[in-house]
Amino acid sequence: MPETKRKHRDETNHRRGHSKPNRNSRKKKKTGPRLPSSLQKELDRLNPTAPIDSDQDIDSADGDGAERELLPQDFYEYEEQQAEEESKKNKRYDPGSVDQIQYDLPIERSDESEDEIIQSDDDNDDDDDDDGMRMTGDAADDDSSEEGDGRHTRMLQGITGMPSEAFEGKKKRKMKDDGIPELYPESEYNPSRDVVDGDGQISIDDLLNPLQDNPGFGKLRKRIQQIENNSKAIHAPLRTADQAKVERKAAYEISKKEVTKWQQIIQRNREAPTLLFDENIDLGFSTVGAIASEFEPRTEFERKMAALVSDDKVMEAYKKDGSRLLEMNTVSVEEEKDRQSRIAKMRSLLFRHELKAKRIKKIKSKTYHRLLKKDRLKTEYSKIQMDPEVAKEFAMKQERLRAEERMTLRHKNQNRWAKRILTRGLNSQDEGTRAAIAEQLQRHSELTRKMHSMKDSSSSSDGDDEDAGSDQDMGSKVLGKAIEKTMKVIQDDDETPKSGLLSLPFMRRGLEKNKAAAIEEANLALQEYKDSKKKLENSVGSEGPEATSISGRRVFGASKTQISDAGNKVKSDYNYGSSDSEDDLRASKNGNIETQRSNILQKDVNTDPVLIQEDTDNHQESVFKDFNEIVKNPGPKTTYEVSLFVSDTWKKAGNRDEKGTNVKKSAMPSGSVRQDRKDTEKEVEEDSDTDSEGQMVDRILTSGSKLSYELPSQEELIRQAFAGDDLEDEFEKDKMEILNAENPEPEKPVLLPGWGQWTHVQKKKGLPSWMLKEHENAWKKREEAIKKRKDAQLKNVIISEKLDKKAEKLHTKALPFPFTSKEAFEQSMRVPIGPESNPATAIGALNRPEVVKRPGVIIKPIQFEEVNPHEKPEERRGDKHRSKKNKGSGGRSMKKTSA
Amino acid sequence: MKVKVISRSVDDFTRERSQDLQRVFRNYDPSLRTQEKAVEYVRALNAVKLDKIFARPFIGAMDGHIDGVSCMAKNPTQLKWIFSGAMDGDIRLWDIASRRTVCQFPGHQGAVRGLTVSTDGRMLVSCGTDCTVRLWNTSADNIMELSNSTKNSVEPASVHVGKNAYLAVDHQWDSELFATAGAQLDIWNHNRSEPINSFQWGSDSVISVRFNPGEPNLLATSANDRSIMLYDLRMVSPVRKMIMMTKTNSIAWNPMEPINFTAANEDGNCYSYDARKLDEAKCVHRDHVSAVMDIDYSPTGREFVTGSYDRTVRFFYYNSGHSREIYHTKRMQRVFCVKFSGDGSYVISGSDDTNLRLWKAKASEQLGVVLPRERKKHEYHAAIKKRYMHLPEVKRIERHRHLPKPIYKAATLMRAMSDARKRKEERRKAHSAPGSVTTQPLRRRRIIKEVE
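In this report, we go over the structure that sits alongside the text. Note that the structure is predicted; figures quoted are calculated from it, not measured.

Parameters and conventions
- Residues numbered from 1 in each chain as written.
- Chains lettered and ligands numbered in written order.
- Predicted model: local features only at pLDDT ≥ 70, side-chain atom pairs only at ≥ 80, totals over all residues.
- Heavy atoms only, no water.
- Helix = DSSP H or I, 4+ residues; strand = E, 2+ residues; numbered from the N terminus.
- Contact = heavy atoms within 4.5 Å.
- Buried area = accessible area lost by both parts, 1.4 Å probe.
- Salt bridge = Lys/Arg side-chain N within 4 Å of Asp/Glu carboxyl O.
- Polar contact = N/O pair within 3.5 Å; in protein donor to acceptor, adjacent residues only side chain to side chain.
- Phe/Tyr/Trp six-rings, centres within 6.5 Å; stacked < 30°, edge-to-face > 60°.
- Buried < 20%, exposed > 50% of the residue type's maximum accessible area, 1.4 Å probe, protein only.
- Pairing = 2+ DSSP bridges.
- Axes fitted to C-alpha atoms, helices over the stretch in contact; angles between N-to-C directions.
- Core = buried A, V, L, I, M, F, W, Y, C linked by side-chain atoms within 4.5 Å.
- Parallel < 35°, antiparallel > 145°, perpendicular 65-115°, else oblique.
- Left-handed = near helix turned anticlockwise from the far one by under 90°.
- Nonpolar A, V, L, I, M, F, W, Y, C, P; charged D, E, K, R; others polar.

**Looking at the overall build of chain A**
A count of helical and extended segments in chain A gives 43 helices and five strands. If you take every contact in chain A between residues at least 6 apart in sequence, the share linking residues at least 24 apart comes to 73%.

**With respect to the interface of chain B and chain A**
Taken together, the 57 residues of chain B in the interface contact 57 residues of chain A. Between chain B and chain A, a total of about 5100 Å² is buried, with carbon and sulfur atoms accounting for 62% of that surface. On inspection of chain B and its partner chain A, the count reaches six salt bridges. Seen at the junction of chain B and chain A, the total is 20 residue pairs in polar contact (both at pLDDT 80 or more). Ranked by residues supplied to the side of chain B that touches chain A, first place goes to helix α4 (residues 372-387) of chain B with six residues.

**Looking at the packing of aromatic side chains**
Residues and elements named next belong to chain A. With the rule as written, the count across this model stands at 20 aromatic pairs over all chains. Ring centres of W262 and F864 lie 5.3 Å apart, and the angle between their planes is 80°; on these two criteria the pair is classed as edge-to-face. Taken together, the residues span a long stretch of sequence, with W262 in the loop between α12 (240-260) and α13 (263-271) and F864 in the loop between β3 (858-859) and α42 (873-876) at a distance of 602 residues. Relative accessible area serves as the criterion here: at 1%, W262 is assigned to the buried category.

**Describing the sheet that holds strand β28 (residues 355-360) of chain B**
All names here are of chain B. Ordered in space as β1-β28-β27-β26, the four strands form an open sheet in which the pairing is antiparallel. Single-partner strands in this sheet number two, and they are β1 (58-63) and β26 (335-340). The average undirected angle you get between the axes of adjacent strands in this sheet is 20°. Here five bridges tie β1 to β28, and the two strands are oriented antiparallel to one another. When the sheet's bridge partners are listed, G60 is paired in β28 with L358.

**Things to note about the environment of S98(B)**
All names here are of chain B. One can find S98 in the loop between β4 (91-95) and β5 (100-104). Taking C-alpha positions, S98 is 9.9 Å from G60, a pair spaced 38 residues apart along the chain. Only 3.2 Å separates the side chain of S98 from the side chain of D95, close enough to count as a polar contact.

**Remarks on the nonpolar core**
All names here are of chain B. In terms of nonpolar packing, the biggest core is built from 31 residues, with I228, L230, M242, W253, F261, Y273 and L278 touching the most fellow members. Beyond its immediate chain neighbours, meaning those up to four positions away, I228 contacts T221, S222, R240, K241, M242, M244, T248, I251, F261, A263 and Y273. Counting 18 residues, the second-largest nonpolar core is a separate cluster that includes I187, V206, Y231 and I243.

**Comments concerning the side chain of S139(B)**
Residues and elements named next belong to chain B. Looking at the secondary structure, you find S139 in the loop between β8 (132-137) and α3 (140-148). The exposure class assigned to S139 is buried, which follows from its relative accessible area of 10%. The residues touching S139, leaving out its near neighbours within four places in the chain, are G121 and R122.

**Focus: unusual backbone geometry**
For residues besides glycine, phi is generally negative; the peptide bonds are generally trans as well. All names here are of chain B. Even without being glycine, R99 reaches a positive phi, approximately 55°. Of note, the phi angle at D174 is positive, near 60°, even though the residue is not glycine. Note on placement: D174 falls in the loop between β10 (168-171) and β11 (177-181). On the basis of relative accessibility, which here comes to 55%, the residue D174 falls in the exposed class.

**Comments concerning the pairing of β8(B)**
All names here are of chain B. With five of six residues buried, β8 is to be regarded as a mostly interior element. Relative to β8, strand β7 (residues 123-128) is paired through five bridges, and the arrangement is antiparallel. Residue pairing for β8: V125 is matched across the bridge by L135. Once β7 ends, the chain turns through three residues before running back antiparallel as β8, passing C131 with a positive phi of about 65°.

**Regarding the sheet that holds strand β22 (residues 292-297) of chain B**
All names here are of chain B. Within the open sheet, the four strands sit side by side as β22-β23-β24-β25. Their pairing is antiparallel. Taken across any chain shown, the strands that pair with only one partner, and hence form the sheet edges, are β22 and β25 (323-327). Strand-to-strand, the axes of this sheet are offset by a mean angle of 20°, without reference to chain direction. Bridge count for β22 against strand β23 (residues 303-308) is five bridges, and the pairing is antiparallel. Along β23, the bridge assignment pairs I295 with T306.

**Examining the pattern of salt bridges**
Pairs can form between side chains of opposite charge once their charged atoms are near each other. Residue and element names in this part refer to chain B. A complete count under the given rule lists 36 salt bridges over all chains for this structure. A salt bridge links R387 to E40, with the shortest nitrogen-to-oxygen separation between them at 3.9 Å. Residue R387 is found in helix α4, and its partner E40 is found in helix α2 (residues 36-54); the two are separated by 347 residues along the sequence. A relative accessible area of 0% means that E40 is categorised as buried. Between D267 and R446 there is a salt bridge, with its nearest N and O atoms 3.0 Å apart. Of this pair, D267 sits in the loop between β19 (260-265) and β20 (270-274) while R446 is found in the loop between α7 (442-445) and β29 (447-451), placing the two residues 179 residues apart along the sequence.

**Focus on the packing of helix α19 (residues 388-408) of chain A against helix α21 (residues 431-448) of chain A**
A pair of packed helices is characterised by two quantities: the angle between their axes and the separation of those axes. Residues and elements named next belong to chain A. Look at α19 against α21: their axes get within 8 Å of each other, and the N-to-C directions meet at 125°. By the angle between their directions, the pair α19 and α21 is classed as oblique. Judged by the sense of rotation from one axis to the other, the crossing of α19 with α21 is left-handed. Along the contact surface, α19 presents L401, R402, E405 and R406, while α21 presents H444, L447 and T448. In terms of residue class, the contact of α19 with α21 is built from two nonpolar, two polar and three charged.

Right under this line is the structure:
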């Protein structure tokens, strides 16, 4: 650009000076060394033909041309001096000399650099360099017109031996100098007209000539000479529009180049996964301490306060006081330890309590809470009995209730419901209603009963017992009582509570365990009692058979020893109350215990149950029956096991039976069943192990033997096996169905009745042709579609081509834009980025948005910074802090932000 | 027997404060979570729906002008201040936070057509059809003084009178130069009463001028002769002119990519150009159904906002062909000017109905202080949305916008027209000798020529 500018300026300058002078200057320069006129003439004669001739000539001559000129230069130092002298001397009178100066003007071009030359090279090919020996293109234009002049000057030159310029100048001068006289003597303040007109411009030569005498300027002179030699003619200026265009073009190129420096940065920013705009924000002090340290008291009050605070005396006093306080604060180590342990204990207690409360609170069972409440009430009751204070309170409350009841008679069939029921008649009511009425009445009686009467009821049972037991003689009576009580215990144990906290399964389970232990003990005690009672009575055990007859059960193996009976008895006993799995353990345990006692226990055992049976109530009968019966049926182990197989479930248990474990006992049916079936099952027992298998085998064998003895081939077997079902046809049908569903058959064309049927003629025609055609087309289409199906050629395959609409939602129709392949796209969402499947350290980087900015922070436009494209983004960062922050992100940070 | 026991050091698990979170261990084995992808898809779907639910972009309107708002300028140093000029010659300074006028700058006799603020925020330059350029002192102290004083009006620091009406003004980044556009492009200095440079290329008036913020010596103008021109102040010369089929109403340089600018065109499209290659647009941003009147880039350089004569404001990504968002209200008329706020999270639009409107740049963004957990959640949602954005269901919900009827109809009509044109061209191509008819891509079609 600057170059072009300069060039432009130059060109305008040059435009002022004319082409002719230009040429003349060249000539002058060459003719400067005063050659013999004949030689000069020769040269001149040659030159006019030269101008347009050749570039290469000049180019080749350039090198030695310079050298050649060095020599003449040396000569005409002296001669030029003379010329200058002449010009000085004749300044006013000899215009030629002025011209001479003027024509040296292109020296201004000496500051033209090589660029210019290069530019001109491509600009204008016809603009040729010369060694000054030839005319420029411009000059050539004038040539024809000046042909005559040229000859004339040559002639003059020949005559006078003076340079041709002298004459030319003279001629020109004459034209210009048409009689405007000089008013003032020429000086620097009053330049000659030549100078003003531009003809007489001062050239570098003018300035340099005085230096020619001085030594040490040879180099400068040489350079100038060179420049002059290499200078060339100036081109004609372009039109301004074109000029501007060229300029703009150049400017655009430069500006493009200038702007391209951003390319790298832009590229990098675009590729960066994240742009960070929230950096370098200085929020100033962040801590209270930092802010406080900056505090300076400004107001009067603040100053006073500050003075007080920083006062030495006050500070000292404060310090002293503080130390004294500290001294008073001493606590012994033991005390502290004590305190701590106390606190720890309290805390742990609290903690446990809390835990317990939490656990209980967590139990969601409604029944549990209801029962808990009931229990709580019960405990309250007991408390009442224990604590007189509470009892008093309770009595008061009860009294009030009673009073209320007496006054209102609320439970005495007073409400509407009860009245209605009574009017209808109690007998016509159902059980529940009657019970409810009864309950109500009872409640009424309870409430209205006096306090002392409650006490009576509690002790009544004892009295009864005493009464009952009064008849018998003491020893047996006591024993009988003991037996009864134990029996009661056992019997009680069998009753599982139907309601209450204890009815819950987990409680029940625990209870049963306890119960088992208790029963065991009770049984032992019972035995003892019975023994001793027998001794007392001295009666013979003949009642055994009696008992059996009463119970109406047959006994097997009664003749066998009764040693093992105890074990069996106990075992069976357990079967009633408890679950199966627990039995085995307990059974074996009990067995051991019983065998130890078996010596003591004799046949007479059978007698006792009779007694017991007589004593017990009716509803407890069954339990005791079982008990008795087991006592009475002390069959050997073998029978026992057989009885197992007899049960209904033997087939299912068959496999387990083979293992021969005690588990079988768990499958034992109730005693009655066992006894009923015993006879029949005894036979089965023998082959029980292999029974089922044998049957199976038997069946197969028989069927096989009936068909043929030859082994049929595999295929035949299969065909026979699947003889009934037509799989292939079914498959075909299925396939056709699917085909029809996916490519439905076109509907048959139907005319709307009456539509378009004005006459019978139309009717005869039938369906219009286009309809038929369409139908046909639809058929064809369908057939083609069926043919095109993937499973068209595959006989045994159905490939559904139905689109799964639900799955379709999860597919894109085409590959989305930034992705280049299906794999890449799928890869892009392969790994989940959520917090559930990634550690917290990775989530930030995975989820970082494209642009991270902070609201309220002004983002400034980008500023240029050098980028090394091969450097990694992290390395570029200056301070460590920032690089650390960005380590995970790999993002680009934009520094141009300000808070 | 060997018993495996988890051994953990106490130090790792002792919390310093009771508020600290307990360390939690998770097994990140993908085989344990086989449905994670499905879960994330559903989450993305929900996130998109949530976005729709929370899309409440309109924050408030600022009324006070008594004529259409023609131009706005944001203060580069102050987030909450924005200047607006109206067709009646009124210039106001608004406090965005309270949505009130802070002060007024009376003086223009005709419409104010251009406003700009120097980079340091101390000088407001306004120009208008009354052939004057006015400079106002708007340093923070001065403004505070003005807002507190009772008279509430200001005298301009200087007034320069020109020969022709001025249509636009813009300030150079970080310098004292500003450029006015009118009959010619003038470059001014704060301290001189005459333009230091004037450029005229072509005879039509210049209607918009914008300095390149990243490369402050470059500026682009658009003129009534449908041309876009580039100038380089270092070379003190225009550098390139490009003529399109329709006139360009406004130009915005990408502040993060100093070689790219986007031109808001009269034909309803925006064209993103590389300043080095003007023979082809980098991207054509379509969607507006009427002339785009103004355009402004987000300071992040990733998106820009356009205001259109069709009464809507749209957001585009710098490289996407269609808008990502459209804002409209029943009362908003032709939008003449739009500006992004300095932090890139708000947009202000000035329209014919004399109001300035404040919008969120992201319709469903949560305003106010965002807790770290919330921020993480938002980021996660954004990430999965981006991940599943191509799936049809997510895409459909995300792209669905409710449009005013006229715009919807106009869009349909324009689509039909362009389809018809395309069809016609295809047919012409099919019925002529192969190679004799060539179709130009849209990026090139609207460009007539590039003038050197």
